[in-house]
Amino acid sequence: MKRTSTISRPVEIGLRFIGMWPDSAYATLYWLIYMTTMVIVQYYQYAYVLTHFDLSDISLLMDCLGLTLAYTLAFLKLFALWWNRRTFYYIVKAMDQDWRECVLNDSYESTMTGVADLSRRCSNVMISINALAAFFLSIGEHLLQSMGDASGVDIINNSRELPIKMEFPFDVSESPIFECFLVGQFLYELLLASIVGMINALLVSLILHVSGQIDIMRQDINEISNRKYNSSASLIIIKGLICKHQKIISLSENIENLYTYIALMQLLWNTLVICCTGFVIVITIGTDESATTSIKSVSFYIAITLEVFILCFAGEFLSAKSKSISDAIYESLWYDMPPTNSRILLFVILRSQKRLTITAGKVIDLTLEGFTSIMKASASYVSVLNAMY
């Protein structure tokens, strides 16, 4: 049976796991258990940062601080998503209604099916990248340490460290406690990375759904131009276009309300995280730890940078797509219509010129230009820290 939804199955499973999918069983319980686990892990992470806070060893500080801030950001994003869960429910309901309308029209269904396939591929890629970053961040570093032991490097038992730096009130370097915590951290990192990738994939899926609805609207505009309708028939079709345009605007505004504060936290927080991770990469190049850093920090750096890029690209894509409505109407044969109908289309052109977008905290629009500004700011901070080191 063909799946009639823009949201892919892995994203839906992730939303059910954190209790965000509409009508999920024990949704609040799942969310509380997961968030409580994150709070406990964060407590021991910040305990490590405070215990080992030493500006003379800034490389260790930046290494553990970058990962700690990234996990804090994931916690805040999940909390913001849960806080706006009613808005998300409205979005899912509107998307289901759009799919029910598309099933009745073969041309609409083919357009949305292509969008759903693209959404599924993008979701799989983003979740896989985050999962691979989590793998290299945990198991990759431990494997390199094990290879060092096998090659004759003397590493005493007490020097073994967990991938996620935590300060416990007991010694975890002894076997089998160390191995148990290592497996637990690996599963935690893999799960959290997949959830973060799911949140980013959800945004892409929602934007692609809006894009598909815009393509359908442009398709209807072309059909009006290519067919000869009498005045009353074309007026009915134009009213349908206006209703569809209003639905697109309402859906876009709900998506913006759902992600605006997530985007604000993402831009501000990830600037610091990218700075910390980039600094660790720079100072360890050419050292004995460069191999470990290449696997651990570079994969983490790519995943964090990809999160910011996805947000900015989604905002840029939505803005460009919304402007295409006015272009489609302008390129249609509006001059062959009765003056009354063509004047109505003029108002649609005027409204579509106010582009749809995603903002960060309702302050700035998310664009690719904003992404370059974030990367430039992070690079300048890395230069300052490198000069101080």
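Refer to the structure printed above.
Residues numbered from 1 in each chain as written. Predicted model: local features only at pLDDT ≥ 70, side-chain atom pairs only at ≥ 80, totals over all residues. Heavy atoms only, no water.

A few words on the overall build of the chain. Within the chain, the secondary structure is distributed over 10 helices and two strands. When its helices and strands are written in sequence order, the chain yields α-α-α-α-α-α-α-α-α-β-β-α. By the burial criterion, 50% of the 389 residues in the chain qualify as buried. Restricting to contacts in the chain with at least 6 residues of sequence separation, those with at least 24 account for 80%. Accessible surface, the chain as shown: approximately 19,200 Å² in total, 64% of it carbon and sulfur. (Helix = DSSP H or I, 4+ residues; strand = E, 2+ residues; numbered from the N terminus. Buried < 20%, exposed > 50% of the residue type's maximum accessible area, 1.4 Å probe, protein only. Contact = heavy atoms within 4.5 Å. Areas by Shrake-Rupley, 256 points an atom, 1.4 Å probe, with all protein chains shown as cover.)

On to the packing of aromatic side chains. Taken as a whole and judged by the stated rule, the model has 16 aromatic pairs. With a centroid separation of 4.7 Å and 15 degrees between ring planes, the pair formed by Trp 31 and Trp 82 is classed as stacked. Linking Trp 31 in helix α2 (residues 27–51) with Trp 82 in helix α3 (residues 58–83), this pair joins segments that are 51 residues apart in sequence. Looking at Trp 31, the relative accessible area reads 12%, which means it is buried. (Phe/Tyr/Trp six-rings, centres within 6.5 Å; stacked < 30°, edge-to-face > 60°.)

The next subject is the nonpolar core. Nonpolar side chains in soluble globular proteins tend to be buried together. Counting residues in hydrophobic clusters, the biggest one holds 101 residues, and the most contacted among them are Leu 15 and Ile 18. It is helix α6 (residues 177–226) that contributes the most residues to this core, 20 residues altogether. In terms of nonpolar packing, the next biggest core, distinct from the first, is built from six residues, Trp 99, Tyr 108, Met 112 and Ile 216 among them. (Core = buried A, V, L, I, M, F, W, Y, C linked by side-chain atoms within 4.5 Å.)

With that settled, consider helix α9 (residues 339–352). For α9, which comprises 14 residues, the first-to-last C-alpha distance of 20 Å matches the rise-based estimate of 20 Å (1.5 Å per residue) to within 8%. All of the buried residues along α9 are Asn 341, Ser 342, Leu 345, Val 348, Ile 349 and Ser 352. For α9, the angular spread of buried residues about the axis comes to 105 degrees, placing them on one side. Opposite the buried face of α9, by more than 90 degrees, sit the exposed residues Pro 339, Arg 343 and Phe 347. (Expected span 1.5 Å × (residues − 1). Arc of directions from axis to C-beta.)

On to empty space enclosed by the protein. Applying the stated criterion to the full structure yields five cavities of 30 Å³ or more. Those elements that provide at least two residues to the lining of the largest cavity are α3, α5 (106–150), α6 and α8 (290–331). The element best represented in the lining of the largest cavity is α3, accounting for six residues. Each residue belonging to the lining of the largest cavity can be placed in one class, and the counts come to 14 nonpolar, one polar and three charged. Looking at the second largest cavity, its volume works out to about 90 Å³. As for the second largest cavity, its lining consists of 11 residues, of which Asp 63, Leu 67, Thr 277, Ser 297 and Phe 300 are closest to the centre. (1 Å grid on protein atoms, 1.4 Å probe; cavity = no way out; pocket = protein on both sides within 12 Å on 5 of 7 lines; lining within 4 Å. Points joined across faces, edges and corners; volume = space filled by probe spheres on them. Nonpolar A, V, L, I, M, F, W, Y, C, P; charged D, E, K, R; others polar.)

What follows concerns helix α4 (residues 85–103). Taking 1.5 Å of rise per residue, the 19 residues of α4 would be expected to cover 27 Å, and the 27 Å separating its terminal C-alpha atoms lies within 8% of that figure. Buried within α4 are the following residues: Thr 87, Phe 88, Ile 91, Val 92, Met 95, Asp 98, Trp 99 and Cys 102. Looking straight down α4, one finds that the buried residues subtend no more than 140 degrees of arc, so they occupy a single side. For α4, exposure combined with an orientation more than 90 degrees from the buried face picks out Arg 86, Tyr 90 and Lys 93.

This part takes up the environment of Phe 17. Relative to the assigned elements, Phe 17 resides in helix α1 (residues 9–17). When the C-alpha positions of Phe 17 and Ala 27 are compared, they lie 8.1 Å apart, and in sequence the two are 10 residues distant. Those residues in contact with Phe 17 that sit more than four places away from it in its chain are Tyr 30, Tyr 34, Leu 191 and Ile 195.

The subject of this paragraph is the pattern of salt bridges. Any two side chains of opposite charge can pair if their charged atoms end up close together. Within this structure, the stated rule accounts for eight salt bridges. Taking the shortest distance from any N to any O, the salt bridge between Glu 307 and Lys 77 comes out at 3.3 Å. Of the two residues, Glu 307 sits in helix α8 while Lys 77 sits in helix α3, which places them 230 residues apart along the sequence. On the accessibility criterion, Lys 77 (1% relative accessible area) is buried. Among the ionic pairs, Arg 120 bridges to Asp 117, the shortest N-O distance being 3.0 Å. Of the two residues, Arg 120 and Asp 117 are both situated in helix α5; the distance of three residues between them amounts to about one turn of the helix. Residue class for Asp 117 comes out partly exposed when judged on its relative accessible area of 28%. Residues joined in a network through salt bridges with shared partners are Arg 9, Glu 12 and Arg 16. (Salt bridge = Lys/Arg side-chain N within 4 Å of Asp/Glu carboxyl O.)

Honestly, that's just the spatial picture; any functional story needs more than this.
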